[in-house]
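Here's the letter readout for the chains.
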Amino acid sequence: MAFMAELLSAMLLFIATHALPTLGSLRARLIGWLGRGVYLGLYSLLSIATLAWLALAFHRAPYMEIWPFAEWTRWVPLMFMLPACVLIVGGLALPNPFSLSLRGDAFDPERPGLLAVTRHPVPWGLALWAGAHIPPNGDAAAMLLFALLSALSLYGLSALDRRRRAALGDNVWIRLSLGTSNLPLAALLARRARLSRPADWGIALGGGGALYLALLFGHEYAIGVSPLP
């Protein structure tokens with residue numbers, strides 16, 4: 001049980017480090033004291049260290065079965081990992097003033113593209129990835145880990161919306177976000193958005209498909225278990 005206690009300790013530290021950016025006053029004081037560059041550097045190192053400890057603790061945790069493995073559960077990640085990869089790659093590769101993105105150029109609210117699905121594609125993609133791995137992994141350690149990662153991916157999205165809205169200003173926020181939604185597909189179902197920008201969809205679908213295939217055929221070599229039925 002010592003290794004299970006280690007896993008729980010690693011999870012608590014992982015939660016604590018990821019809660020830090022949501023504590024606006026503490027984050028602001030640390031940035032004011034250390035400087036933005038030093039703060040981001042130290043926070044990145046802390047995040048990597050806690051993630052590495054979490055992975056190590058997970059691999060050392062004892063196997064405690066909650067439900068037996070069923071062959072049909074292999075299909076759950078096989079089906080849901082493709083949209084997860086599309087959301088993650090597209091979210092990082094395309095302009096997004098609302099959430100995680102590697103692009104800082106202008107966003108066209110008249111043609112939201114992937115952001116018509118959700119304005120937070122990366123967190124929702126990560127949550128989908130983690131959640132899809134729960135059914136085929138019926139042991140306590142896996143359930144705790146994937147449930148934690150799924151919950152943390154979505155934790156604070158409403159707070160992130162509030163911060164981005166405050167930074168952009170109400171008028172700009174309303175204009176930019178009209179064709180988007182936090183909840184996936186809500187803007188499309190409400191007919192506030194349409195799936196435009198075929199070039200952006202090419203990036204999301206092409207890059208997401210490539211990542212899906214890489215994970216599919218590299219899973220056995222990296223994890224030791226084939227995801228294929």
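Here, every reference points to the structure presented above.
Residues numbered from 1 in each chain as written. Predicted model: local features only at pLDDT ≥ 70, side-chain atom pairs only at ≥ 80, totals over all residues. Heavy atoms only, no water.

Moving on, we get to the packing of helix H4 (residues 75-93) against helix H5 (residues 121-132). Direction vectors running N to C along H4 and H5 enclose 160°, while the axes themselves pass 8 Å from each other. Classified by the angle between their axes, H4 and H5 sit roughly antiparallel to one another. Note that H4 runs across H5; the crossing there is left-handed. Seen from H4, the contacting residues are Val76, Pro77, Phe80, Met81, Pro83, Ala84, Leu87, Ile88, Gly91 and Leu92; seen from H5, they are Pro121, Val122, Trp124, Gly125, Leu126, Leu128, Trp129 and Ala132. For the contact of H4 with H5, the class distribution of residues is 16 nonpolar, two polar and no charged. (Axes fitted to C-alpha atoms, helices over the stretch in contact; angles between N-to-C directions. Helix = DSSP H or I, 4+ residues; strand = E, 2+ residues; numbered from the N terminus. Parallel < 35°, antiparallel > 145°, perpendicular 65-115°, else oblique. Left-handed = near helix turned anticlockwise from the far one by under 90°. Contact = heavy atoms within 4.5 Å. Nonpolar A, V, L, I, M, F, W, Y, C, P; charged D, E, K, R; others polar.)

Once that is clear, we can look at a nonpolar patch on the surface. A grouping of Trp72, Trp75, Met79 and Phe80 is seen on the molecular surface, where their side chains present a nonpolar patch of about 510 Å² in accessible area. Its relative accessible area of 48% is what places Trp75 among the partly exposed residues. (Patch = residues over 30% accessible without salt bridge, like charges linked within 9 Å, V, L, I, M, F, W, Y side chains within 5 Å. Areas by Shrake-Rupley, 256 points an atom, 1.4 Å probe, with all protein chains shown as cover. Salt bridge = Lys/Arg side-chain N within 4 Å of Asp/Glu carboxyl O. Buried < 20%, exposed > 50% of the residue type's maximum accessible area, 1.4 Å probe, protein only.)

Attention now goes to the environment of Ala210. Along the chain, the position of Ala210 falls in helix H10 (residues 198-223). In this structure Ala210 comes out as partly exposed when scored by relative accessible area, which is 46%. Residues Ala210 and Leu94, spaced 116 residues apart in sequence, show a C-alpha to C-alpha distance of 16 Å.

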